[in-house]
Amino acid sequence: MCGIIAYLGEDSAAPILLEGLKRLEYRGYDSAGILTVNDESQFELKKDVGKVLEIHEKLNFLDLNGTAGIAHTRWATHGGVTQANAHPHLSNNGRIAVIHNGIIENYKELRSKLTSQGFVFSSETDTEVVPNLIEYWMRIKGLDLVEAVLNTFQSLEGNFAIVLIDRDSKTIIGAKNGSPLVLGVGSNGKNEYFLASDIPAFLDRTKDVVYLYDGDMVVLRCDSHSRSKKSSSYQIYNFRDGRKIVTRPVQSVSWDMEHAAKGEFDHFMLKEITEQVETIQKAGAQDRETIEDIARRIKEAKGVFLIGCGSSFHACLSVSYLFSKLAAFHINTVLASEFSAYEHFLKKDTLVIAVSQSGETIDILDAVRTAKQKGCQVISIVNVMGSSLTQMSDKTLFLNVGPEISVLSTKTYTAQLVVLTLLAYALAGNLDEGLQRVKYLWNIVYNLTAASTRARIRALADRLSKSEHIFVIGRGSLYATALEAALKIKEVSYIHAEAFAGGELKHGPISLIGKDTPCIVFVSKDTEKLILSNAMEVKSRGGYLIGIGPTPIESFDFFIKVPETGELNPVCDIIPIQILAYQLAVILGHDPDRPRNLAKSVTVR
Ligand code: F6R
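Counting from 1, residues in each chain are numbered in the order their sequence is written. pLDDT decides what is reported in this predicted model: residues at 70 or higher carry local features, side-chain atom pairs at 80 or more are listed and counted, and totals for whole chains, interfaces and linings draw on all residues regardless. Each side-chain value is derived from all of the structure's non-hydrogen atoms; neither hydrogens nor water enter the calculation.

(A) Local environment of the nonpolar core. Throughout, nonpolar core names a set of buried Ala, Val, Leu, Ile, Met, Phe, Trp, Tyr and Cys residues whose side chains join them through atoms within 4.5 Å. Exposure classes here rest on a 1.4 Å probe applied to the protein chains alone. A residue is buried below 20% of its type maximum, exposed above 50%, and partly exposed in between. Of all hydrophobic cores here, the largest spans 83 residues; its most connected members are Ile298, Ile381, Ile489, Ile520, Phe522, Ile577 and Leu580. The split into domains, and so the bounds of each, comes from an automatic or database assignment of domains. When residues of this core are sorted by domain, at least three fall in each of domain 2 (262-447) and domain 3 (450-599). Any two residues whose heavy atoms approach within 4.5 Å are treated as being in contact. When near neighbours in sequence (up to four residues on either side) are disregarded, Ile577 contacts Ala485, Ile489, Ile520, Phe522 and Ile548. Leu133, Met138, Leu145 and Leu156 belong to the second-largest nonpolar core, a separate cluster that totals 30 residues.

The structure is reproduced here in structure tokens:
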């Protein structure tokens, strides 16, 4: 949660930081702030509650002077949404300013130690201990900046990414420990550096990045010598590994700004839904040898766990049916947040497949840490390169769909389904068929995301926008699709939506069905007979049926045709509901890219 960006270079920092904040806002949007150091070595700071642009309209961030600065957009954890709790936070002597993503678990203890040394606190955040600890080590203990910061980071418990700036030397220091932080290095020899939670924050300035590892601390210096092209450099220490200086490669990312901009679309969510025409194909373009190697490892393992959270978990659940159906292989599908209950089944020859868009979700990182401690092999399926999960895994398959900016998973969900489905085919010794079938989806997804389909779904959204409840049913892998559909609808429209396996309706939930209660029904060739009889149970109690599948039936009040694609039905069937969820949010006046209370990567337990 929370977005961080820092800039050190030759250009005015404020516009770069503001642009970066706009692109990071999906990570949190309760409050925001920008701080720069001007030519007189003074801090200039503006922060407030609200969204980045609202604050900018009120305070004008572009007034801030200087070529070095830090900026933050917050998703509140410790302390309410107030101006005082907004980042950056300053040390008592006003020399050190800090921005932070994550949680400092031992902040209460640190805070009381500092209080006993005479420090005072002006916010309720866990963050504020950091600048004050640095001040403590510098002012009271006489250490230099780098030593003071190393001491400080070593005393913090929890997962965090922290960036700080020293007013007097304009030095910027960033550290990563379980939360994301990437270093951007000015391209074509340009003398500038960036530190950010995510690459799109600085993608318009450089594509050259350094992926930091947990425990890494980057020092970006700004003095008259290091500002010259020849001597400008950065140094990375690892504060978890004997404070050693480490080297990390500079890598070039293939994403470009087009991926990180809305283009002709009103919202990222709609852009990302329509991008699925290409992203499904990109996800399918996996290296054959790697897929077959992983299939071999699955076969050889004694017990396989497939874990994820939220939509990523739904992708796991969906494909667990295919592992069984195609390859007669049992896979344990577990919510990452519940994984600790299964710890005693983990052995050296157990394989854990961790699925996560961001690769930063704390629940999945915790689960993988446990698996690694037990000696298990870990394979991850991730979108974000260099993320913590990729660093902890023995092998990673990337989704290759470019950055997903909208908080809701759309293109990454279908990409996860594609990659996992290919694994199931490979396990069944039939990868070619899987690859062929993925190719065949292009045309179907093109039609499903076309403007004409979106217009039809808009008419449905108009009707459903007045509903208090929406139910969704499916069977087999389409039960997982139903869960994902209900999640998409509720998280962005705030309408209560709930999914059931079709066969479960009669065991209780059917009592919720009354006149005109909307119920979405996912139909496929192999589930048709049974799911339609469940649909009729709803119809006969007055329900309003919305059918999604290959063939309309008379009892459907609304029908969206999705051609039958067998094992790949879950990939195509979710798309109309992604569009429906988007349209509901727009009709109801909600921001589809930034639903209330949510953030893109969930780094709290
Ligand atoms: C829903 C959504 C979330 C994520 C979940 C896991 O639209 O995006 O449910 O799927 O927070 O996130 P990752 O996949 O990043 O681990």
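(B) Focus on the pattern of salt bridges. Any carboxyl oxygen of Asp or Glu that lies within 4 Å of a side-chain nitrogen of Lys or Arg is treated as forming a salt bridge with it. Taken as a whole and assessed by the stated rule, the structure comprises 37 salt bridges. Its salt-bridge partner being Asp241, residue Lys244 comes within 3.5 Å of it at the nearest N-O pair. We classify Lys244 as partly exposed; its relative accessible area is 46%. Look at Asp241 and you get partly exposed, because its relative accessible area is 36%. Look at the salt bridges and you will find they share partners, linking Lys325, Glu433, Arg437, Asp526 and Glu567 into a network.

(C) Main features of helix α1 (residues 13-24). Between its first and last C-alpha atoms α1 spans 16 Å; for 12 residues at 1.5 Å apiece the expected length is 16 Å, and the two agree. Note on conventions: DSSP H or I runs of at least 4 residues are helices, E runs of at least 2 residues are strands, and numbering of each starts at the N terminus. With nine of its 12 residues buried, α1 lies for the most part within the structure. Listing the buried residues of α1 in full gives Ala13, Ala14, Ile16, Leu17, Leu18, Gly20, Leu21, Arg23 and Leu24. Buried residues along α1 sit against β1 (3-8), β2 (31-37), α2 (52-59), β4 (68-74), β10 (193-196) and α6 (257-260). Expected span of a helix: the number of residues minus one, times 1.5 Å.

(D) Representation of the sheet that holds β10. Here the rule is simple: two strands pair whenever DSSP picks up at least two bridges between them. Taken in spatial order, the eight strands of this open sheet run β3-β2-β4-β1-β10-β9-β11-β15, and their pairing is antiparallel. In the strand order of this sheet, the two ends are held by β3 (43-49) and β15 (251-252), each with one partner. Axis definition: a line fitted to C-alpha atoms, over the contacting stretch in the case of helices. Angles run 0 to 180 degrees between N-to-C directions. α1 rests against β1, β2, β4 and β10 of the sheet, and its axis sits at about 160° to β1.

(E) Inspection of unusual backbone geometry at higher detail. Residue His87 is joined to Pro88 through a cis peptide bond whose omega torsion reads 0°. Note on placement: Pro88 falls in the loop between β4 and β5 (89-90). The phi dihedral of Asn60 is positive, around 55°, even though this residue is not glycine. Within the secondary structure layout, Asn60 lies in the loop between α2 and β4.

(F) Inspection of the site of the ligand at higher detail. Taken together, the neighbourhood of the ligand is formed by 15 residues, with Ser312, Ser356, Ser358, Thr361 and Glu491 sitting nearest. Polar contact is the term for a pair of N or O atoms within 3.5 Å; when the atoms are in protein, one must be able to donate a hydrogen and the other to accept it, and sequence-neighboring residues count only if both atoms are side-chain atoms. For the ligand, an oxygen atom lies 2.6 Å from a polar atom in the side chain of Ser356. Within the side chain of Thr361, an N or O atom sits 2.5 Å from an oxygen atom of the ligand. In isolation the ligand exposes 400 Å². Once the protein is present, 90% of that is buried. When residues of the shell around the ligand are traced back to their parent elements, those giving at least two are α10 (310-327) and α16 (477-493). Charged residues are taken to be Asp, Glu, Lys and Arg, nonpolar residues to be Ala, Val, Leu, Ile, Met, Phe, Trp, Tyr, Cys and Pro, and polar residues to be all remaining types, Gly included. Class assignment of the residues belonging to the shell around the ligand gives a composition of five nonpolar, eight polar and two charged. Residue assignment places the shell around the ligand across two domains, with domain 2 (262-447) and domain 3 (450-599) each supplying three or more. Nearness is judged by heavy atoms alone; a residue qualifies as near a molecule or strand once a single heavy atom is within 4 Å of it. Only the protein chains shown count as covering a residue, and every accessible area follows the Shrake-Rupley method with a 1.4 Å probe.

(G) Looking closely at the side chain of Lys170. Tracing the chain through its elements places Lys170 in the loop between β7 (160-166) and β8 (172-177). Notably, Lys170 is buried but unbridged: the nearest opposite-charge side chain belongs to Asp39, and the N-O separation is 4.1 Å. With sequence-adjacent residues up to four places away left out, Lys170 is seen in contact with Leu8, Val37, Asn38, Asp39, Ala68, Leu220 and Cys222. We score Asp and Glu as negative and Lys and Arg as positive, and we do not count His or the chain ends.

(H) Looking closely at the state of the cysteines. Here, a disulfide means two cysteine sulfur atoms that sit within 2.5 Å of each other. Scanning all chains against the criterion turns up zero disulfides. Between Cys316, a free cysteine, and Cys309, which holds the nearest cysteine sulfur, the sulfur-to-sulfur gap is 9.1 Å. With no disulfide of its own, Cys376 has Cys316 as its nearest cysteine by sulfur position, at a separation of 16 Å.

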